[in-house]
Amino acid sequence: MKVTVHIERRPEIADPEGTAISRSLVDLGYGDVHSVRTGRTLHLEVEGDDAETVKKLVDEMCQRLLANPVIEDYRIEVEG
Amino acid sequence: MSRIAVVVFPGSNCELDVQWALRSLGAEAELVWHRQTDLADFDGVVLPGGFAHGDYLRTGAIARFSPVMSAVTRMAEEGRPVVGICNGFQILCEAHLLPGALIANRDLRFICRPVEVEIVDTGTVLTASVEPGTVVTLPLNSYEGQHTDPSGTARVVARYVEDVNGSQDRAAAIANEAGNVVGIMPHPERSSEEILGSDDGRLLLESLVAATDRIPA
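Residues numbered from 1 in each chain as written. Chains lettered and ligands numbered in written order. Predicted model: local features only at pLDDT ≥ 70, side-chain atom pairs only at ≥ 80, totals over all residues.

All right, on to the overall build of chain A then. Across its full length, chain A holds two helices and three strands. Its helices and strands taken in sequence order, chain A reads β-α-β-α-β from the N to the C terminus. Against the globule reference of 12 Å for 80 residues, chain A gives a C-alpha radius of gyration of 16 Å, more extended than a compact globule. With respect to the principal axes defined by its C-alpha atoms, chain A has extents near 50 × 25 × 15 Å. Counting across all 80 residues of chain A, residues that qualify as buried make up 15%. Of the contacts made within chain A by residues no fewer than 6 positions apart, 65% connect residues no fewer than 24 positions apart. (Helix = DSSP H or I, 4+ residues; strand = E, 2+ residues; numbered from the N terminus. Rg over C-alpha atoms; globule rule 2.2 N^0.38 Å. Buried ≥ 20, exposed ≤ 12 C-beta atoms within 10 Å, placed from the backbone. Contact = placed C-beta atoms within 7 Å.)

Broken down by element type, chain B carries four helices and eleven strands. For 217 residues, the compact-globule estimate of 2.2 N^0.38 gives 17 Å, and chain B sits close to it at 15 Å. Dimensions of chain B, computed from the C-alpha atoms along their principal axes, are close to 40 × 35 × 30 Å. Expressed as a percentage of its 217 residues, the buried residues of chain B come to 59%. Across chain B, the fraction of contacts at a sequence separation of at least 24, relative to all contacts at a separation of at least 6, is 73%.

So, on to the interface of chain A and chain B. Taken together, the ten residues of chain A in the interface contact 13 residues of chain B. For the side of chain A that touches chain B, the element with the most residues is helix α1 (residues 16-27) of chain A, which contributes three residues. Classifying every residue of the side of chain A that touches chain B gives seven nonpolar, one polar and two charged. (Nonpolar A, V, L, I, M, F, W, Y, C, P; charged D, E, K, R; others polar.)

Residues and elements named next belong to chain B. The phi dihedral of Asp55 falls on the positive side, at around 60°, and the residue is not glycine. Classification of Asp55 by C-beta neighbours within 10 Å gives partly exposed; the count is 18. With phi around 70°, Leu57 is a residue other than glycine that occupies positive phi space. As for its position among the elements, Leu57 is in the loop between β3 (44-47) and α2 (68-77). The partly exposed category is assigned to Leu57, around which 17 C-beta atoms lie within 10 Å.

For chain B, per-residue confidence averages 96 on the pLDDT scale, and 99% of positions sit at 70 or higher. Both scores are given for the predicted complex: the pTM is 0.94, the ipTM 0.85. (pLDDT = per-residue confidence, 0-100.)

Here we come to the environment of Asp199 of chain B. Residues and elements named next belong to chain B. Structurally, the position occupied by Asp199 is in the loop between β11 (181-184) and α4 (201-212). For Asp199, a count of 17 C-beta atoms within 10 Å puts it in the partly exposed group. For the pair formed by Asp199 and Leu138, sequence separation is 61 residues and the distance between their alpha carbons is 8.8 Å. With near-sequence residues (within four places) excluded, Asp199 lies in contact with Ser191, Ser192, Glu193 and Glu194.

Once that is clear, we can look at the nonpolar core. Across soluble globular proteins, nonpolar side chains show a tendency to be buried alongside one another. Formed by 71 residues in total, the largest nonpolar core has its most connected members in Val45 and Ala173 of chain B. With six residues, the top contributor of residues to this core is α4 of chain B. (Core = buried A, V, L, I, M, F, W, Y, C linked by C-beta atoms within 7 Å.)

For the rest of this paragraph, the subject is the sheet that holds β11 of chain B. Residue and element names in this part refer to chain B. The nine strands lie next to each other as β2-β1-β3-β4-β11-β10-β9-β6-β7, forming an open sheet whose pairing is mixed. At either end of the open sheet lies a strand with only one pairing partner, and these are β2 (28-33) and β7 (135-142). The mean inter-strand angle of the sheet, taken between neighbouring strand axes irrespective of direction, is 25°. With three bridges connecting them, β3 and strand β4 (residues 82-85) associate as parallel partners. Of the residues in β4, the one forming a bridge with Val45 is Val82. Packed on one face of the sheet, α2 meets β1 (3-8), β2, β3, β4 and β11 and runs near 125° to β4. (Pairing = 2+ DSSP bridges. Axes fitted to C-alpha atoms, helices over the stretch in contact; angles between N-to-C directions.)

The following block contains the structure:
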């Protein structure tokens, strides 16, 4: 099954890269931009038939390795 | 005599400097490959700087699952000295042996210069021989050097005199509650001899050697 994991910093954690991109957009004339937050998207292919089981497994992967729960949130999408 | 393990991950690059500096202080320092699972012969361990496992995913994220880390965790739990320098600090945070995480420097610059650091907590294995309030100059060499700690539980051991990278509480080094696990972002081993421009780092490494000595002086 195809699984997508979206990982981003928790809102209260600084994102210096997002801040730099945001400033650059404003410099380019996009003054309507208030903020930019960066993240990371991972695309996994995982063996399995049951979406719930696969999601649970990927959740475990996020807790252990893919995300750092100390500073990041994540969202998992399983493609039926 | 202290016997200290210096762990070598694929991508570590400060292990020889650490070994050299510890040996110059009279310790036995042995390089240990990251696949080794037993550190029972050692009185302490240093995770040196570099780019373990290419810094892929997040700095330290993959290194924390290297086989040696189970033994490092055991050492930490037993109260033996565990010190992470730069990338080693990042690995200790990822391994949850220290609170918080290290993220990109506030100004998105790789900082490579000597910085002044004030030792504010002398109750740890890396600072026990230092007078409180001592200011040392140590080379900083990092991009992901900004320590952030949402839990607010980090025990700050050393503070940057100037806010160089946005670290919470200006932390340059932190410790666990017991003081036997310490992470430091600047490099004491790179300022351990006059020929390097400063030997301020010796003060810290001397504490580590004393803390790992089997026959306390």
